[in-house]
Structure formats: structure tokens, C-alpha cells
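Coordinates in review
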Amino acid sequence: MNDILTDLLAIIGVVLNGLPQGLLALAYGFASVPTALAFLVGVVGNLATQSVAPISFQAETITYAGTAGKNRSERCTMIFIGGAIMTVIGLFGLLTKIVDFVGEDVAYGMMAGVGIILTKAAIDMIRNDGIAGGVSLVAALITYFFTKDSSNTLVYTIVISVVASCIASAIFKKNQTNIVVEDDKFIRQKFTINSSVIFGALGMVCLNIGSNISFGGITAGMATSGNYNVDHLTVISSVADMCSSFFGGAPVESIISATASAPHPVWAGVIMMAVIGLILVFKLLPKIGRYVPSSSIAGFLFVLGIFKTVIADAPLAFASNAAAGGTAMVVTAVTNPFLGMLAGVAAKLLGL
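Summary of the structure given here. (Residues numbered from 1 in each chain as written. Predicted model: local features only at pLDDT ≥ 70, side-chain atom pairs only at ≥ 80, totals over all residues. Heavy atoms only, no water.)

**Here we look at the packing of helix H8 (residues 153–172) against helix H13 (residues 298–320)**
Axis separation between H8 and H13 bottoms out at 9 Å; the angle between their running directions is 150°. In this view, H8 runs roughly antiparallel relative to H13, as classed from their interaxial angle. Residues Thr 153, Leu 154, Thr 157, Ile 158 and Ser 161 of H8 form the contact with H13, whose participating residues are Phe 300, Val 303, Leu 304 and Lys 308. When its residues are assigned to classes, the contact of H8 with H13 shows five nonpolar, three polar and one charged. (Axes fitted to C-alpha atoms, helices over the stretch in contact; angles between N-to-C directions. Helix = DSSP H or I, 4+ residues; strand = E, 2+ residues; numbered from the N terminus. Parallel < 35°, antiparallel > 145°, perpendicular 65-115°, else oblique. Contact = heavy atoms within 4.5 Å. Nonpolar A, V, L, I, M, F, W, Y, C, P; charged D, E, K, R; others polar.)

Right under this line is the structure:
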């Protein structure tokens, strides 16, 4: 009985962590109902492989796709192309070989650059909605300060900052911009091909290479049973992205999931994905979004970008080759992860 209760608490915690990030996806114009397909792929894939590493909404990829594309068509096109490339990489077991080639310093530099992208997105949200975004930021910083030593600090941070932002917006009702989802149904996307989309797709590939290895490895390290294979995780998340984006849905990627520490890690992860999938199918997320300001996620993005990404990854990027790692970080921050990774490799090849 205690094991089941522990499983349930882990499932609830990860679901609570995922829903506000799902709202972030809605804020960037992705449809919620088609995204349920991604979670269905995750359920089937993890049951088939008995993987302890589930997939869910990931703020890093959502923010990158949302800012790299001008509209839903461009964003979904880059997600679909990136997913197709990552599927091939996973099927042929090339993921770790790519990281070995570019080096961990460049990979960590790229991830640190993504942290800067997250931070910039948070600041832009605060500028657009000072009340909702500002309260979210203050609440997130206070919550993180008091819970930073807890393994659930990000769950506490995202829930408290979003709730505080919603309360503040409801009280003041000043310049409040709520999340509105258009065409929230299965509509085959008309894909757009241009240079921005191509570079965006390659950026998605580089970002997911780094996150699959880091997030998947951290999650697997918490499990005491079940299986874990980074190539399986890559194929599952990539096929999920392709199915979702084909109909206008959001990207669903590898995450650091507390379900892996549950007594039954595989089933806990599967049930978590099924629960979020059902929430999306029954259109409950957009209903929540009607009462949630679009800038309510700003505080969480700021904490995630600065404290959990830049501060964590930048020192590792600078440790062995500061020039290569720093170059990858800066170029990623001002362009995209693909160019950042290329720049880092170039710096290394030039002997900097």
C-alpha cells in the first residue's frame, strides 16, 4: 500500500510540473488535443521497452520552437523535421557518437546557451505583462530560495509561481492577456520550408541530443528497476514529436521525472503520460488556460534558465576547453543550438 501511495505522489508531482509547461506550449500557439498523440506514443513506447524515462512537456524545447518559428506552421515544420532526423539518429545508435565527436564542453556550452534563451523569453514575458510576469518572477525566486535543496524544487517553483500570478491577475485585472487556443483539433499542418525552419529544425536536433543524454541519464539514475536506453528514448520522443506536430501539436521530450524514483518506475511513468494525455483529449488544459495569464510561466522560465541551466552547465562547458564551450554558449544564445554547436566545434578544431 505504501508503494502505491508513493507511486501516486510521484505521478501527481510530475503531472503538476507538466501542466504549466503545457500552458506555455498553448501560449506559443500549439494545439492541445493533437499533442495527446505524443503522450500515446510515449505510453506505447515505454510499455514496449519497459523504459523508466518518460516524456512530457519540456520548457526548453517549447520555448526554443516557440521563439524560432513565426507561426504554428513554421514551428510544427521544424519540430517534424527535427523529429525525423532524431528518429534516424536513435535507430542507428548515433546519439552518443555525436556527443563524443563534438565533445562534452561544446554540448554543455550549447545547453547553457539554451538557458540564456529561456531567460530572455522570461524577461520578454515580464515586459509584456508586468503584473502577471512580475509576480510570477518574485514568487518563483522566493520559492526556489527556500526549496532549492529539495529534489522537487522545480515542482514547487512552477506551481507556486503560476498560482501566485493567477491570483494577482484576478485581483488587478490590468492588461491581462489570457491564453487562447485556436483550431484545437486534428488539422493536418501545411508545412513551411524556408531557411529559418531548416536552421530551426537543426537547432531542435542539437537541443534534443543534449537533453536526451542529460535528462534521460539523470532520470534513469533514480530508478532501481526497469530498463533505460538513450536510443530508445530518442526514438520514442522523436516519433511522438512527429505525430504531434503533423496535426499542430506541441513537442514532447525527455524530462527529469520523479516517477523514476517511485517503487514501480515504469508503470508510474506510463500512468503519468496517460493522465496528461487524457487531460489533453478532454480539452481540460485550454479551459485552465482561460484563467491563466500567458506570462504566469515567466518566473519558472527564469529560474530554470539561470539557476538550473546556465549555472549548472556553463562551468562544465568551461572546465576542459573554455574557448570551445564559451563559443558554443554565446553563439547558441544569439542564434540557435545548431550554429552554437558548429561554432564550438570550429573553435576546437582551430585550436582555441
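**Here we look at the packing of aromatic side chains**
Applying the stated criterion across every chain, the model contains nine aromatic pairs. Geometrically, the ring pair formed by Phe 246 and Phe 247 is edge-to-face, given 5.1 Å between the ring centres and 85° between the ring planes. Judged by relative accessible area, Phe 246 falls into the partly exposed class, the value being 25%. Connected via pairs of aromatic rings, a cluster forms that spans Phe 80, Phe 186, Phe 191, Phe 246 and Phe 247. (Phe/Tyr/Trp six-rings, centres within 6.5 Å; stacked < 30°, edge-to-face > 60°. Buried < 20%, exposed > 50% of the residue type's maximum accessible area, 1.4 Å probe, protein only.)

**Thoughts on the pattern of salt bridges**
Per the counting criterion, the structure on display carries three salt bridges. Across the salt bridge formed by Lys 120 and Asp 124, the nearest N and O atoms sit 3.1 Å from each other. Of this pair, Lys 120 and Asp 124 both sit in helix H6 (residues 104–128), separated by four residues, roughly a single helical turn. For Lys 120, a relative accessible area of 51% translates into the label exposed. Note that Arg 127 and Asp 124 form a salt bridge whose closest N and O atoms lie 3.9 Å from each other. On the criterion of helical spacing, the pair formed by Arg 127 and Asp 124 is a turn pair, its members being three residues apart in helix H6. Salt bridges here are not isolated pairs; linked through shared partners, they connect Lys 120, Asp 124 and Arg 127. (Salt bridge = Lys/Arg side-chain N within 4 Å of Asp/Glu carboxyl O.)

**Describing the side chain of Thr 143**
The residue Thr 143 is located in helix H7 (residues 130–147) in this model. Assessed through its relative accessible area of 8%, Thr 143 is described here as buried. A polar side-chain atom of Thr 143 sits 2.7 Å from the main-chain carbonyl oxygen of Ala 139. When near neighbours in sequence (up to four residues on either side) are disregarded, Thr 143 contacts Tyr 156, Thr 157 and Ile 160. (Polar contact = N/O pair within 3.5 Å; in protein donor to acceptor, adjacent residues only side chain to side chain.)

**Examining helix H5 (residues 95–102)**
All buried positions along H5 are accounted for by Leu 95, Val 99 and Val 102. Taken down its axis, H5 places every buried residue within 70° of arc, on the same side. Those residues of H5 that are exposed and aimed more than 90 degrees away from the buried face are Lys 97, Asp 100 and Phe 101. Buried positions along H5 lie against helix H4 (72–91), H6, helix H9 (195–221), helix H10 (230–246) and helix H15 (337–349). Just downstream of H5 lies Gly 103, where phi reads positive at about 95°. (Arc of directions from axis to C-beta.)

**Some details on the nonpolar core**
Nonpolar side chains in soluble globular proteins generally cluster together in the buried interior. Membership of the largest hydrophobic core comes to 76 residues, with the highest contact counts inside it found for Leu 24, Phe 30, Phe 57, Met 272, Ile 297 and Leu 301. Ranked by residues supplied to this core, first place goes to H6 with ten residues. Not counting residues within four places of it along the chain, the set of residues in contact with Ile 297 comprises Pro 20, Gln 21, Leu 24, Met 125, Ser 136, Ile 158 and Val 162. Counting residues in hydrophobic clusters, the runner-up holds seven residues, among them Met 86, Ile 89, Leu 95 and Val 230. (Core = buried A, V, L, I, M, F, W, Y, C linked by side-chain atoms within 4.5 Å.)

**A look at the packing of helix H3 (residues 59–68) against H13**
With their axes 11 Å apart at the nearest point, H3 and H13 run at an angle of 115° to one another. With respect to H13, the axis of H3 lies roughly perpendicular. The element H3 and its partner H13 pack so that their crossing is left-handed. Residues Ala 59, Glu 60 and Thr 63 of H3 touch H13, and the partners they reach there are Phe 300, Leu 301, Leu 304 and Thr 309. Its residues assigned to classes, the contact of H3 with H13 shows four nonpolar, two polar and one charged. (Left-handed = near helix turned anticlockwise from the far one by under 90°.)

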